[in-house]
Amino acid sequence: PDTERRRQPGHMPRPPSALLVEGGERLTSSALSSLGWYTLDERKVASRPVWRHAVHADRWLAFDGEAWLCQTTDCLGQARGMLQLSDPKCGSPDRSLMPWKSPREHSATGWTVQPTLTCTAKTAEELAAAMEPPEALHLKSARPLPLDVSVDCLGWYRLSSSPAPPKPAPADPASSEGEPRDSGGGSD
């Protein structure tokens, strides 16, 4: 009934203005960078809507004629991508009941089913809210840190309305007090 109607190619409801792709396990770095928010673009690829990544402008979610793919600009509409949803009858990737797939780790061929990876329709308002910086962040580590990483940076941070102060100029190693050296323009 409703599920069947949603998957029929002749029934194309208005595409969502935003999509959120999230989840997955043991993803490659390129697949990881394809996760996140996508915004509806005015163009079409293979007669279907296309979404552009909200942070990585070279990432797209598009249809190649057989599958939905998270892909780079140079692969747009081709059967190449970092994440794949094989559901040619589905008019929008958020409406599919099929599982997403990611490239097999350390393999030039093959896909791994990603049952926890989802694509969810979102509104423009939800996208705008997600792009707003949080009022506070808690930076912590779930594992012991390497010796060369300072624990002084861990803790709570709050959003500041003022710009970050400029970085101080590095001290001149020739001066023991850290004062700038004379550039030679002075008098004798």
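Residues numbered from 1 in each chain as written. Predicted model: local features only at pLDDT ≥ 70, side-chain atom pairs only at ≥ 80, totals over all residues. Heavy atoms only, no water.

Q: Honestly, unusual backbone geometry in this entry has me stumped. Any pointers?
A: Generally, phi is negative for residues other than glycine and the peptide bonds are trans, each holding for most cases. Phi at R26 is positive, roughly 50°, even though this residue is not glycine. Structurally, R26 is set in the loop between β1 (18-22) and α2 (29-32). Non-glycine residue A46 carries a positive phi angle of around 55°. Here A46 lies in the loop between β2 (36-45) and β3 (48-53). Judged by relative accessible area, A46 falls into the partly exposed class, the value being 41%. (Helix = DSSP H or I, 4+ residues; strand = E, 2+ residues; numbered from the N terminus. Buried < 20%, exposed > 50% of the residue type's maximum accessible area, 1.4 Å probe, protein only.)

Q: Is there a simple way to explain the environment of D87 in this structure?
A: Note on placement: D87 falls in the loop between β6 (83-85) and β7 (100-103). For D87, a relative accessible area of 3% puts it in the buried group. Separated by 13 residues in the primary sequence, D87 and W100 have C-alpha atoms spaced 9.6 Å apart. A polar atom in the side chain of D87 sits 2.6 Å from the side chain of S96. (Polar contact = N/O pair within 3.5 Å; in protein donor to acceptor, adjacent residues only side chain to side chain.)

Q: Any chance you could explain the sheet that holds β3 here in plain terms?
A: Read from one edge of the open sheet, 9 strands run β8-β7-β6-β5-β4-β3-β2-β1-β9, paired in antiparallel fashion. Taken across any chain shown, the strands that pair with only one partner, and hence form the sheet edges, are β8 (111-114) and β9 (118-122). Adjacent strand axes in the sheet meet at a mean angle of 30°, parallel and antiparallel pairs treated alike. With 4 bridges joining them, β7 and β8 adopt antiparallel strand pairing. Bridged to P103 within β8 is W111. Of the strands in this sheet, β1, β2 and β9 are in contact with helix α3 (residues 124-131), which crosses β2 at around 135°. (Pairing = 2+ DSSP bridges. Axes fitted to C-alpha atoms, helices over the stretch in contact; angles between N-to-C directions. Contact = heavy atoms within 4.5 Å.)

Q: Please explain the packing of aromatic side chains as it appears in this structure.
A: A ring pair, where both rings are aromatic, is described by two values, the distance of the centres and the angle of the planes. Going through the model one piece at a time under the given rule, you end up with 2 aromatic pairs. Judged by centre distance (5.9 Å) and plane angle (55°), the rings of W51 and W68 are tilted. Linking W51 in strand β3 with W68 in strand β5 (residues 68-72), this pair joins segments that are 17 residues apart in sequence. Taking relative accessible area as the criterion, W51 reaches 0% and is therefore assigned buried. (Phe/Tyr/Trp six-rings, centres within 6.5 Å; stacked < 30°, edge-to-face > 60°.)

Q: Looking at this structure, how should I read the pattern of salt bridges?
A: Working definition: two side chains of opposite charge can pair if their charged atoms are close together. One pass over the full model with this rule turns up 1 salt bridge. Of the charged contacts in the structure, one is a salt bridge between R43 and D41, with a shortest N-O distance of 2.9 Å. With a relative accessible area of 37%, R43 lands in the partly exposed category. Overall, the relative accessible area of 14% leaves D41 in the buried class. (Salt bridge = Lys/Arg side-chain N within 4 Å of Asp/Glu carboxyl O.)

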